Amino acid sequence: MITPGFFGFYNAHRGLVATQNALNTVSHNISNANTEGYSRQRVDLEAYTPYTTPNMSQLIGGQLGQGPWVQQVTRSRDVFLDAQFRQSSGTLGLDTAIRDALQQVEGVLTEPSVSGINTAIQNFFDSSQELSLHPESMAVRANYIQQAIDMVNVFQQQGLQLSDLRRNLVGDPAVAASLDTSKLAISVNDVNTLLGNIAAINRSIISVKVSGAQPNDLMDQRDKLLDDLSKLVDIDVTNYDNGQIDLTIGGQVMIRSADQIESLEVVVNPNAPPGPPIPTYDDVPAFVQTVNGGVVLNNGAGAEITAGSIKGISDMGGNDPNLSTVRGVLEKLDTLLDTIVTQVNLLQQAGRDITGALGPPDIFFNDPALNPTETLNLFHWRVTQSVITDPGEVAAAIDDATAPGGFAGVGDGRNALNMAQLRDQTFAALGTTFVDYFNGITSKLGIDTRSYQNTSSSQEGLVQAVDQRRQSVSGVNVDEEMIDMLRYQRAFEATSKTIQMFDDVVKTILSLT
């Protein structure tokens, strides 16, 4: 059997097509060298099915090759590095969210400061000391009342700022509209948007796969969305050979192949009966739950979101006793102010005012109408109006059983001295003095802030290291692409030369005939 005359043309043609596709792929790589999430692509060449001549008249002892063909265009990707990167990103998202919120709490307390709570407490007890020395002076008494007003105002101003911060993080059951505008709700909406986009890309991947092609760019887009999603919540991705994935969050299936099974929503904690594992809305104001199944993923009952910025926001908006959460700091300030005003009022009730009257009105009054949307006593204390109007009602004198009528005179400042000495006493509710208790709050806050600053910085370095390893596999190296370009260019030129040679041979044969 004689070999077909145009056999070489066919081989060369396949060679031209293969090298042209390879050059197109190199060009695609170079063009996307700076595209975030792009994976380097490679052309897998394979020898075409050889030409077989199974008869006695064949002129050669083996099969004739028919040149190359493009088996597939693959992308360079390591799913294990992807999983490691996403796990690290989730931890970074958690640490960063907590760090940012802690820094905001620090910014509210602004300690040390001439206008902060510590200074206000000191000024109030300094005025008590001065009152003990000059109880007959109405100016000194007026200054004492003003310092009391200033102290309560500073507590409440900073408390309201902290309350606003918490409302911005996770919403407030008392302010329904705050739930939709909270950072938690916005982040959950971002999760749902990403889930919808991932499911849509999965459907496109299926369509391309059915046609027999490899949807490399679509899979890159999906991986980029998965990377973004891992910063918000911890995800578990199962990859299949057909290019499809299953995706779960907190143990709940969100995406199965091309179908989005679930999404997330934020709802107000219904304040179910307190006790493990159900928290009150003072501890967890908002629940993150699945829309269809209604499974709560942040109530401490299992099936939890354990990483990502949503976890960090939820933690700082909750009441973790091991962390300087916004609510935790508020409750400690509430305990501190409650203790101060209660102890001062007890002494006020036991003393005598400037006229010698026993048990004048309390200096501090708890008014539920003040800041009614707030639940803590911190927001309801104010100085009694009658004491503001008449500073003479301050009980600077003690009830002296040895003095006529129990009153030693307008110059008696012993009860005011007792009030001043409260500053250095230890109280069971605090376990220490007023100032030391507040310093403990700010110290713990500072320690937590520095800790999460260091942790987030270290985690960011880890994420970058993992990403660098990932880029070493999937990233585009322009120098390598230039080498491949030259290699395929030379192959293209050589194949073109082969076609030219066969053309000359055919012309010669035709001229002979």
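Residues numbered from 1 in each chain as written. Predicted model: local features only at pLDDT ≥ 70, side-chain atom pairs only at ≥ 80, totals over all residues. Heavy atoms only, no water.

Novice: I keep staring at the pattern of salt bridges and nothing clicks. Help me out?
Specialist: Pairing of side chains with opposite charge becomes possible as their charged atoms draw close. Under the defined criterion, the tally for this structure stands at 31 salt bridges. Its salt-bridge partner being Asp-223, residue Arg-86 comes within 3.2 Å of it at the nearest N-O pair. Here Arg-86, found in helix H2 (residues 79–109), pairs with Asp-223, found in helix H7 (residues 216–232); they are 137 residues apart in sequence, far enough to count as distant. Like Asp-223, Arg-86 is buried. With its nearest N and O atoms 4.0 Å apart, the salt bridge here joins Asp-228 to Lys-231. Here Asp-228 pairs with Lys-231, and both are found in helix H7, just three residues apart, close to one helical turn. Among the charged side chains, a network of salt bridges with common partners joins Arg-75, Arg-77, Asp-82, Arg-86, Asp-220, Asp-223, Asp-227, Asp-467 and Arg-470. (Salt bridge = Lys/Arg side-chain N within 4 Å of Asp/Glu carboxyl O. Helix = DSSP H or I, 4+ residues; strand = E, 2+ residues; numbered from the N terminus. Buried < 20%, exposed > 50% of the residue type's maximum accessible area, 1.4 Å probe, protein only.)

Novice: How do you make sense of the sheet that holds strand S4 (residues 245–249) when you look at a structure like this?
Specialist: Think of a sheet as strands paired side by side through backbone hydrogen bonds, with each pair either parallel or antiparallel. Taken together, four strands build an open sheet; the order of strands is S3-S4-S5-S6 and the sheet is antiparallel. The sheet terminates laterally at strand S3 (235–239) and strand S6 (259–260), the two strands that pair on one side only. (Pairing = 2+ DSSP bridges.)

Novice: What should I look at first to understand the packing of aromatic side chains in this one?
Specialist: The geometry of an aromatic ring pair is captured by two quantities: the separation of the ring centres and the angle between the planes. Under the defined criterion, the tally for this structure stands at five aromatic pairs. With a centroid separation of 4.9 Å and an interplanar angle of 15°, the aromatic rings of Phe-427 and Phe-434 are classed as stacked. Across the pair, Phe-434 and Phe-427 agree in class, each one buried. A network of ring pairs unites the aromatic residues Phe-124, Phe-125, Tyr-144, Phe-364, Phe-427 and Phe-434 as a single cluster. Over the aromatic face of Phe-85 sits the side chain of Arg-470, whose NZ or CZ is 3.9 Å from the ring centroid. Looking at Arg-487, its charged tip hangs above the ring of Tyr-488, at a distance of 4.7 Å from the centre. (Phe/Tyr/Trp six-rings, centres within 6.5 Å; stacked < 30°, edge-to-face > 60°. Lys NZ or Arg CZ within 6 Å of the ring centre and 35° of its normal.)

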